[in-house]
Amino acid sequence: MPAERRLRAMGSELHLLAEGAGAERSIRAAIAEIDELEQRWSRFRPGSELCRLNAASGSAIELSEVTFDAVCRAVQAWRDTYGYFDPTVLPALERAGYDRSFDQLAPSGGAGDDPGTVAGLPSPGCAGIVLDAASRTVLLPPGVRLDLGGIGKGLAADRVVELMLDAGAEGALVNIGGDVRVGGVAPSPEGWLIDVDDRALVSLSAGAVVTSSVARRRWLVRGRSFHHLIDPATGLPAESGLMTVAVLGASAASAEVVAKASLIAGERVGSSLIAEHGMAALLVGSDGISRRVGGFEAFELPVPVVR
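The structure reproduced in this document is the subject of the present report. (Residues numbered from 1 in each chain as written. Predicted model: local features only at pLDDT ≥ 70, side-chain atom pairs only at ≥ 80, totals over all residues. Heavy atoms only, no water.)

1. With respect to the overall build of the protein
Part 1 of the argument: Along its length, the protein carries 8 helices and 18 strands.
Part 2 of the argument: By sequence separation, contacts in the protein at least 24 residues apart represent 62% of the contacts at least 6 residues apart.
Part 3 of the argument: Accessible area of the protein: about 13,300 Å², with a carbon and sulfur share of 52%. (Helix = DSSP H or I, 4+ residues; strand = E, 2+ residues; numbered from the N terminus. Contact = heavy atoms within 4.5 Å. Areas by Shrake-Rupley, 256 points an atom, 1.4 Å probe, with all protein chains shown as cover.)

As structure tokens, then:
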């Protein structure tokens, strides 16, 4: 029998779907795992590992295996995207007003600085971060603080799908705020059917589809509209000419990184990043025009017409 849950976690809508005799058991295990990851990675929980790491910038901090891996993956993603994906944008996010959980923030805004004072403060990048695999320690240079929000939901979706399959599900889908990962036996002969931003219907037998958009997670600071995708070169919300990027990839974490980096970089550089990583994507410009790259069409099904 299939089992399904919808709830909020990691500041996002969470959708879990499991197939097979172990469906219920796998969903219970998934919820517990997501709660644990949120406690470790949230920048809004003072006792989290991430907050402890950020508070100790300039000193090496030992982390759990799962959190050390998340930091390593974030730093590698910065390298793999030539700095367009940058986990050190946390101070810029806070200056822009995203200084509390989004449930508390929207829609009136946070307590960030006057928008005019934010410009000209690029993010420091990851070059000075020291990772020691033997001791599982991370040393952040003074003043450098990390936000795992750009990769954490994808990492969680990947981990949780594998956990659900190990817990007895024959097939599993995890959607954390638009980061969708699937695995195992699909409920439909056509595969896992996933709506992409109301613009495309894709079929996957395995892997992930991740959507990043500047149309969501917006707030006002002194009358100016801000969003959460920060351009590390300026410290301000990206203005790349792209509104939405949906990426198909083998894992939700890798697709999430490429989606965010591509949206920040813009269509020309973003298309190159997508090709370099061997992924497919749907790019939607600020003018509403869609462009498909990397063979995205091969995964599409006709969108049903509602009459």
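More follows now that the structure is in view.
2. Topic: the nonpolar core
Part 1 of the argument: Counting 65 residues, the largest nonpolar core has Leu16, Trp41, Met164 and Val174 as the members making the most contacts within it.
Part 2 of the argument: The residues touching Trp41, leaving out its near neighbours within four places in the chain, are Met10, Ser48, Leu50, Val66, Thr67, Ala70, Leu148, Gly152, Leu155 and Ala156.
Part 3 of the argument: Membership of the second largest hydrophobic core comes to 17 residues, among which are Leu17, Val182, Val196 and Ala280. (Core = buried A, V, L, I, M, F, W, Y, C linked by side-chain atoms within 4.5 Å. Buried < 20%, exposed > 50% of the residue type's maximum accessible area, 1.4 Å probe, protein only.)

3. Details of the sheet that holds strand β18 (residues 300–301)
Hydrogen bonding along the main chain pairs the strands of a sheet, whether they run parallel or antiparallel.
Part 1 of the argument: One open sheet holds the 3 strands; their spatial order is β8-β9-β18, and the pairing between them is antiparallel. Lying at the two open borders of the sheet, with one neighbouring strand each, are β8 (192–196) and β18.
Part 2 of the argument: Strand direction decides the pairing type here: strand β9 (residues 200–204) and β18, joined by 2 bridges, are antiparallel. Its bridge partner being in β18, Leu201 is matched across the sheet by Leu301. (Pairing = 2+ DSSP bridges.)

4. Looking at the layout of surface pockets
Part 1 of the argument: A volume near 150 Å³ is recorded for the second largest pocket.
Part 2 of the argument: In terms of lining, the second largest pocket is formed by Arg73, Gln76, Ala77, Asp80, Ile151, Ala253, Ser254, Val257, Val258, His277 and Met279.
Part 3 of the argument: For the lining of the second largest pocket, the elements supplying multiple residues, two or more each, are α3 (65–80) and α7 (252–265).
Part 4 of the argument: Residues of the lining of the second largest pocket, tallied by class, amount to 6 nonpolar, 3 polar and 2 charged. (1 Å grid on protein atoms, 1.4 Å probe; cavity = no way out; pocket = protein on both sides within 12 Å on 5 of 7 lines; lining within 4 Å. Points joined across faces, edges and corners; volume = space filled by probe spheres on them. Nonpolar A, V, L, I, M, F, W, Y, C, P; charged D, E, K, R; others polar.)

5. Focus: the sheet that holds strand β5 (residues 137–139)
Part 1 of the argument: On the basis of which strands lie adjacent, the open sheet formed by 3 strands has the order β3-β5-β4 and antiparallel pairing. On the outer flanks of this sheet lie β3 (60–62) and β4 (130–132), each paired with one strand and no other. On average, adjacent strands in this sheet sit at an angle of 20° to one another, irrespective of strand direction.
Part 2 of the argument: As paired elements, β4 and β5 share 3 bridges and run antiparallel to each other. Bridge pairing in β5 links Leu131 to Val138.
Part 3 of the argument: Along the sheet, α3 contacts β4 and β5; its crossing angle with β4, the most-contacted strand, is approximately 135°. (Axes fitted to C-alpha atoms, helices over the stretch in contact; angles between N-to-C directions.)

6. Let's talk about the pattern of salt bridges
Part 1 of the argument: In the structure shown here, the tally under the stated rule is 15 salt bridges.
Part 2 of the argument: Residues Glu256 and Lys260 are paired through a salt bridge, measuring 3.2 Å at the closest nitrogen-oxygen approach. Residue Glu256 and its partner Lys260 are located together in helix α7, separated by 4 residues, close to a single helical turn.
Part 3 of the argument: Judged by relative accessible area, Glu256 falls into the buried class, the value being 0%.
Part 4 of the argument: In this structure Lys260 comes out as buried when scored by relative accessible area, which is 10%.
Part 5 of the argument: When salt bridges that share partners are traced, they join Glu36, Arg40 and Glu49 into one network. (Salt bridge = Lys/Arg side-chain N within 4 Å of Asp/Glu carboxyl O.)

7. Looking at the side chain of Ser213
Part 1 of the argument: One can find Ser213 in strand β10 (residues 207–213).
Part 2 of the argument: Of the residues examined, Ser213 reaches a relative accessible area of 4% and is grouped as buried.
Part 3 of the argument: Polar contacts involving the side chain of Ser213 include one to the main-chain carbonyl oxygen of Met243, which spans 3.2 Å. (Polar contact = N/O pair within 3.5 Å; in protein donor to acceptor, adjacent residues only side chain to side chain.)

8. Side note on the packing of helix α6 (residues 152–166) against α7
Any two packed helices are characterised by how steeply their axes cross, that is the angle between the axes, and by the distance between the axes.
Part 1 of the argument: The N-to-C vectors of α6 and α7 enclose an angle of 160°; their axes lie 7 Å apart at closest approach. In terms of axis orientation, α6 runs roughly antiparallel to α7. As α6 runs across α7, the sense of the crossing is right-handed. Counting all contacts with α6, which are made through Gly152, Lys153, Gly154, Leu155, Ala157 and Asp158, the residues of α7 involved are Ala252, Ala253 and Glu256.
Part 2 of the argument: Grouping the amino acids of the contact of α6 with α7 by side-chain chemistry returns 4 nonpolar, 2 polar and 3 charged. (Parallel < 35°, antiparallel > 145°, perpendicular 65-115°, else oblique. Left-handed = near helix turned anticlockwise from the far one by under 90°.)

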